[in-house]
Amino acid sequence: MNFVFFDIECANCLNGEGKICSFGFVKTDEHFQVLKKKDILIDPDAPFLLGNAKRGDGIRLAYPLFRFRNSFTFPHYYKEIKTLLEDKNNICFGFSVRQDVAYLISTCRRYSLPMINFSFFDIQQFEKELYQRKNCSGLDSLVEQFHVQKYTYHRSDDDALMSEEVFASILKEKEIPLSELSSHYEECFFDTERMVNLLNERKIAKEKKRIYQEKVEKLFINEKVDYTGYDKYFYKRHFFFSNKVISENIDKLLEMKKQLSKTGIIFERNPKEADAIVVLSKIDYDGINPSRVERMEERSLLFTTFLKHAKKSKKA
């Protein structure tokens, strides 16, 4: 049995889809003796967008961009990568490898290629569970911690080699035999089918969130209307709704808005500007921090009470 440690770099990840520009791997025997090390450079057939929009910086790839542009696109290397990862004599490992597998999945879809089906072990998840860390560690911090030799970061085969050496160091420090991985750390094993299902679930959740956000934006658009149903309780009063009220009643609120907008009600985004703060429970204010808002108790209004006033307004 051999071990394959692999790493992927991308030119960009627009729309959540990684445009692969390198696939590097290190193949070892069961004693972590390196049998093969290779970095496959790939033309991503997409722009290189390596910067971080928030900080204004980004990663620096290990090769000049022309080296990638002068390479073939992913389909040319597909068979080699597929054969390596699907070989039953290989066990695949990677650091934060689920993200890399997501890139492989999206790239296969991009070029209409059959899915590469294989199982893999996430070293980052393993380290987090083993040391009971709240947050995942980065590869660079673990390289420092275990005094692993530094190579070139973001050169895929070097990242794969550092991942292998960190993994071997963890097993040695904790005296964990390889035979225990599948039985004691099964939560660190994944496969392509599971990742496809997870990505589909994320896509559905993302679409639901988008639709929900559109509804919320629509709720706070206070259009000018003729106040045909003047109501002293609602007329020109600002109502702020807690996130919990909105998330659990967004469709009901939008339906009510059609009728209430004619009373002169104003849907307010800022609790400090609100005449009434509508919550589901006065006990915890639905997660609103009272220190952010003055006169919280004086202005708090239960959603059930709000509904009663809305019902009376409708009858009037």
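Structure shown above.
Summary of the structure given here. (Residues numbered from 1 in each chain as written. Predicted model: local features only at pLDDT ≥ 70, side-chain atom pairs only at ≥ 80, totals over all residues. Heavy atoms only, no water.)

**Examining the packing of helix H8 (residues 192-219) against helix H9 (residues 243-260)**
- Between H8 and H9, the shortest axis-to-axis distance is 10 Å and the interhelical angle comes to 60 degrees. In terms of their interaxial angle, H8 and H9 are classed as oblique. Pair H8 / H9 crosses with left-handed handedness. For the pair H8 and H9, contact is made by Tyr212, Lys215, Val216, Lys218 and Leu219 and by Asn243, Ile246, Ser247, Ile250, Asp251, Leu253, Leu254 and Lys257, respectively.
- Broken down by class, the residue content of the contact of H8 with H9 amounts to 7 nonpolar, 2 polar and 4 charged. (Axes fitted to C-alpha atoms, helices over the stretch in contact; angles between N-to-C directions. Helix = DSSP H or I, 4+ residues; strand = E, 2+ residues; numbered from the N terminus. Parallel < 35°, antiparallel > 145°, perpendicular 65-115°, else oblique. Left-handed = near helix turned anticlockwise from the far one by under 90°. Contact = heavy atoms within 4.5 Å. Nonpolar A, V, L, I, M, F, W, Y, C, P; charged D, E, K, R; others polar.)

**Some words on the sheet that holds strand E4 (residues 90-94)**
- Taken together, the 6 strands give an open sheet; going across it, the order is E3-E2-E1-E4-E5-E6, and neighbouring strands pair in mixed fashion. Strand pairing shows two members of the sheet lacking a second neighbour, strand E3 (34-41) and strand E6 (189-191), which therefore form its edges. For this sheet, the mean inter-axis angle between neighbouring strands, taken without regard to orientation, is 25 degrees.
- Sheet topology places strand E5 (residues 119-122) next to E6; 3 bridges connect them, and they run antiparallel. Within E6, the position partnered with serine 119 by the bridge is aspartate 191. (Pairing = 2+ DSSP bridges.)

**A few points about the sheet that holds strand E9 (residues 276-279)**
- Here we have 4 strands laid out as an open sheet, ordered E8-E7-E9-E10, and parallel in their pairing. Pairing within the sheet leaves two strands with one partner each, and these edge strands are strand E8 (266-268) and strand E10 (300-302). Strand-to-strand twist in this sheet, taken as the mean axis angle between neighbours without regard to direction, amounts to 35 degrees.
- Relative to E10, E9 runs parallel, the two being bridged by 3 bridges. Among the inter-strand pairings, isoleucine 277 is bridged to a residue of E10, identified as serine 300.

**Here we look at the packing of aromatic side chains**
- Inspection of the entire model under this criterion finds 31 aromatic pairs.
- Between phenylalanine 3 and phenylalanine 93, the aromatic rings sit 5.4 Å apart at their centres with planes inclined by 80 degrees, giving edge-to-face as the arrangement. Of this pair, phenylalanine 3 sits in strand E1 (residues 2-10) while phenylalanine 93 sits in strand E4, and the two are 90 residues apart along the sequence. With respect to burial, phenylalanine 3 and phenylalanine 93 carry one shared label: buried.
- Seen in terms of ring centroids, phenylalanine 74 and tyrosine 111 are 6.4 Å apart; in terms of plane orientation they differ by 20 degrees. Their pairing is stacked. In this pair, phenylalanine 74 is assigned in helix H2 (residues 74-86) and tyrosine 111 in the loop between helix H3 (97-110) and E5, connecting sequence segments 37 residues apart.
- By relative accessible area, which is 21% here, tyrosine 111 ends up partly exposed. (Phe/Tyr/Trp six-rings, centres within 6.5 Å; stacked < 30°, edge-to-face > 60°. Buried < 20%, exposed > 50% of the residue type's maximum accessible area, 1.4 Å probe, protein only.)

**Description of the pairing of strand E7 (residues 238-241)**
- As paired elements, E7 and E8 share 3 bridges and run parallel to each other. Within E8, the residue paired with phenylalanine 239 across the bridge is phenylalanine 267.
- Note that E7 and E9 share 3 bridges and pair parallel. Bridge assignment links phenylalanine 239 to a residue of E9, and that residue is alanine 276.

**Considering H9**
- Spanning 18 residues, H9 covers only 20 Å between terminal C-alpha atoms, well under the ideal 26 Å at 1.5 Å per step.
- Of all bends in H9, the biggest is about 85 degrees, found at asparagine 249.
- Among all positions in H9, only Val245, Ile246, Asn249, Ile250, Leu253, Leu254, Met256, Lys257 and Leu260 are buried. (Expected span 1.5 Å × (residues − 1). Bend = angle between axes of the 7 residues up to and from the residue.)

**Points about the environment of glutamine 124**
- Turning to its location among the elements, glutamine 124 is positioned in helix H4 (residues 123-130).
- Residue class for glutamine 124 comes out buried when judged on its relative accessible area of 15%.
- The spatial distance from the C-alpha of glutamine 124 to the C-alpha of serine 163 is 9.1 Å, given a sequence separation of 39 residues.
- Reaching out from glutamine 124, the side chain makes a polar contact with the side chain of serine 96 at a distance of 3.4 Å. (Polar contact = N/O pair within 3.5 Å; in protein donor to acceptor, adjacent residues only side chain to side chain.)

**Brief notes about helix H6 (residues 156-174)**
- In this model, H6 (19 residues) spans 27 Å end to end at C-alpha, consistent with the 27 Å of a helix rising 1.5 Å per residue.
- The positive-phi residue at the C-terminal boundary of H6 is glutamate 175, with phi of around 55 degrees.

**A closer look at the pattern of salt bridges**
- If you walk through the whole model with that rule in mind, you get 15 salt bridges.
- With a closest N to O distance of 2.8 Å, lysine 37 and aspartate 158 form a salt bridge. With lysine 37 in strand E3 and aspartate 158 in helix H6, this pair connects stretches of sequence that are 121 residues apart.
- Residue class for aspartate 158 comes out buried when judged on its relative accessible area of 6%.
- In this structure, glutamate 214 and arginine 210 form a salt bridge, with 2.5 Å as the shortest nitrogen-oxygen distance. One end of the pair, glutamate 214, and the other, arginine 210, are both in helix H8, 4 residues apart, so they sit about a helical turn from each other. (Salt bridge = Lys/Arg side-chain N within 4 Å of Asp/Glu carboxyl O.)

Bear in mind that shape data such as this cannot, by itself, settle questions of function.
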